[in-house]
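Okay, here's what each chain looks like letter by letter:
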Amino acid sequence: MKATIGILALIILSTAAWASPIGSSARTAIPSDIQQIISVDYRALKGSDTAMALKAQVLPSSLKEFETALKGVGIDPEKDVDQLTFAAYRKGKQGIKVVGAAQGSFSEKTVLKKIKLNKIKPAKYHDSDVYPMSGGMEMTFLDDNTLLFGDSSALQGALDTRDGYSPTLDSNPTMADMIGSVESGTVWSILDQQGTQNMLLSALGDAGKLADFDTLKKRVVGSRYTMNFTNGVSFDLDIVTSDSVTAATLSSLVKAGVLYRKMTASPIEKAALEEVSVNSDSSNLQMHFKAEDKQFQSLIHSDLFAAVSK
């Protein structure tokens, strides 16, 4: 059974995200059948050495590709982007699609001027001008300071939503309601039922094979987390369930994972585990982790993080 700190590492690595409330233009382009929303506050990241160390250590290829594509149209994520939001949504038989929205100090006029100098012409989709980007991605502006991008299918699905051809995020109350309590965090994410079930199965290891867990996972509604980098690192995860009994039982499983992991943990990991608290509050399983900057930076380079990142 993996420890609670394993859940922490797993979530960070699987979401790889760092943010503030979603802008209104971006929100209208997020489809209803959402699997996960993750948000990146680049302004806050640049102010924290620990946050930048985490980003450098666990940055996945998908985020690298998005950053490279932005640079290709003259937008430097480190300087020009204030907020980067990703939405993974289900698009029928096409499976999971991911669309990104970048908001910042860049302007549509400046970006399009550079694109036109390179003699790149747009294609029309509904009333939007869609331009090619590197890595097979495409982009369009939602407003003067908000850029929507992704592969062709993902982008078209988001524009269908924005233009009223398919339902938006706000028509999915389960997911939309989870945003309110986390969007003020430096880092935040929400994950749907199926995604949360998969996360728990991976994190709990052998405990996830128990018959009782198979019943419990059906009562999981979703999950949300925030991460802040003021005065160290603070991580708060809520797993939302249908009732207090389920939350309490899951809490017991995770606590057992902490005790098991402590027996085999390295000194760095053991010290981190001492800072983990797990409990249940009504129908929510709650996990909190707090560490000083130096402690967390050491944990980033531990065998646990290395194993999870493979």
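Up top is the structure these notes are about.
The notes below deal with the structure included here. Note that this is a predicted model, so its numbers are computed, not measured.

### Quick notes on the sheet that holds strand β3 (residues 96–104)
Next, step 1: One open sheet accounts for 12 strands, arranged β4-β5-β6-β7-β3-β2-β1-β8-β9-β10-β12-β11; its pairing is antiparallel. Two strands in the sheet have a free side with no partner beyond their single neighbour: β4 (123–125) and β11 (276–281). Ignoring strand direction, the axes of neighbouring strands in this sheet form an average angle of 20 degrees.
Next, step 2: Examined bridge by bridge, strand β5 (residues 128–132) and strand β6 (residues 137–143) share 2 bridges and lie antiparallel to one another. Bridged to Y131 within β6 is M139.

### A look at the nonpolar core
Next, step 1: Counting residues in each nonpolar core, the largest one holds 27 residues, and the members touching the most others are I34, I37, L148, L169 and I190.
Next, step 2: Within the residue set of this core, elements represented by two or more residues are β1 (34–41), β2 (81–90), β3, α8 (152–162), α9 (173–179) and β8 (187–191).
Next, step 3: Apart from the residues lying within four places of it in its own chain, the contact partners of I190 are Q35, Q36, I37, M175, M178, I179, V182, S223 and R224.
Next, step 4: Counting 26 residues, the second-largest nonpolar core is a separate cluster that includes F235, L250, L285 and A291.

### Quick look at the pattern of salt bridges
Any two side chains of opposite charge can pair, on the condition that their charged atoms come close.
Next, step 1: Tallied over the full model, the rule gives 5 salt bridges.
Next, step 2: Where D192 meets R90, a salt bridge forms, and the shortest distance between an N and an O atom there is 2.6 Å. In this pair, D192 sits in the loop between β8 and α10 (193–204) while R90 sits in strand β2, placing the two residues 102 residues apart along the sequence.

### Section: the environment of S252
Next, step 1: By the secondary structure assignment, S252 is in helix α12 (residues 244–264).
Next, step 2: A sequence separation of 27 residues divides S252 from N279, and the C-alpha atoms of the two residues are 8.1 Å apart.

### With respect to the environment of G150
Next, step 1: Along the chain, G150 turns up in strand β7 (residues 146–151).
Next, step 2: For the pair formed by G150 and V99, sequence separation is 51 residues and the distance between their alpha carbons is 4.8 Å.
Next, step 3: Those residues within four positions of G150 in sequence are excluded, and the remaining contacts are V98, M137, E138 and L155.

### Notes on the pairing of β2
Next, step 1: Taking burial as the measure, the 10 residues of β2 include 8 buried ones, the bulk of the element.
Next, step 2: Where β1 lies against β2, 7 bridges are found, and the strand directions are antiparallel. Looking at β2, one finds that I37 is bridged to A87.
Next, step 3: Across 9 bridges, the pairing between β2 and β3 is antiparallel. Across the sheet, residue L84 finds its bridge partner in β3, namely A102.
Next, step 4: Here β2 hands over to β3 after 5 residues, with G92 in that stretch at a positive phi of 55 degrees.

### Considering the side chain of S128
Next, step 1: Within the element layout of this structure, S128 appears in strand β5.
Next, step 2: Relative accessible area serves as the criterion here: at 6%, S128 is assigned to the buried category.
Next, step 3: In this structure the side chain of S128 is engaged in a polar contact, spanning 2.8 Å, whose partner is the side chain of R162.
Next, step 4: Once residues lying within four places of it in the same chain are set aside, the contact partners of S128 are A123, T140, L159 and R162.

### So, the pairing of strand β9 (residues 220–228)
Next, step 1: Among the 9 residues in β9, 7 count as buried, and that is most of the element.
Next, step 2: Direction of pairing for β8 relative to β9: antiparallel, over a ladder of 5 bridges. Paired with I190 across the strands is R224, a residue of β9.
Next, step 3: Of the pairings in the sheet, the one linking β9 to strand β10 (residues 233–241) comprises 8 bridges and is antiparallel in character. Note on β10: the bridge partner recorded for V220 is T241.
Next, step 4: Between β9 and β10, which follow one another and run antiparallel, lie 4 residues, and N231 among them has a positive phi close to 55 degrees.

### Structural notes on a negative patch on the surface
Next, step 1: Taken together, D49, E275, E292 and D293 make up a surface patch of like negative charges.
Next, step 2: With respect to the secondary-structure elements, D293 resides in helix α14 (residues 293–300).

### Considering α8
Next, step 1: In terms of burial, α8 is a largely internal element, 8 of the 11 residues being buried.
Next, step 2: For α8, the set of buried residues is S153, A154, L155, G157, A158, L159, D160 and T161.
Next, step 3: Each element contacted by the buried residues of α8 is listed here: β2, β3, β4, β5, β6 and β7.
Next, step 4: If you check the start of α8, you find a side-chain oxygen 3.2 Å away from the backbone N of S153, and it comes from D151.
Next, step 5: Following α8 by one or two positions, G164 has its phi on the positive side, about 90 degrees.

Rules behind the numbers
- Residues numbered from 1 in each chain as written.
- Predicted model: local features only at pLDDT ≥ 70, side-chain atom pairs only at ≥ 80, totals over all residues.
- Heavy atoms only, no water.
- Pairing = 2+ DSSP bridges.
- Helix = DSSP H or I, 4+ residues; strand = E, 2+ residues; numbered from the N terminus.
- Axes fitted to C-alpha atoms, helices over the stretch in contact; angles between N-to-C directions.
- Core = buried A, V, L, I, M, F, W, Y, C linked by side-chain atoms within 4.5 Å.
- Buried < 20%, exposed > 50% of the residue type's maximum accessible area, 1.4 Å probe, protein only.
- Contact = heavy atoms within 4.5 Å.
- Salt bridge = Lys/Arg side-chain N within 4 Å of Asp/Glu carboxyl O.
- Polar contact = N/O pair within 3.5 Å; in protein donor to acceptor, adjacent residues only side chain to side chain.
- Patch = residues over 30% accessible without salt bridge, like charges linked within 9 Å, V, L, I, M, F, W, Y side chains within 5 Å.
- Areas by Shrake-Rupley, 256 points an atom, 1.4 Å probe, with all protein chains shown as cover.
- Lys, Arg positive; Asp, Glu negative; His and termini not counted.
- Charge placed at Lys NZ, Arg CZ, Asp CG, Glu CD.

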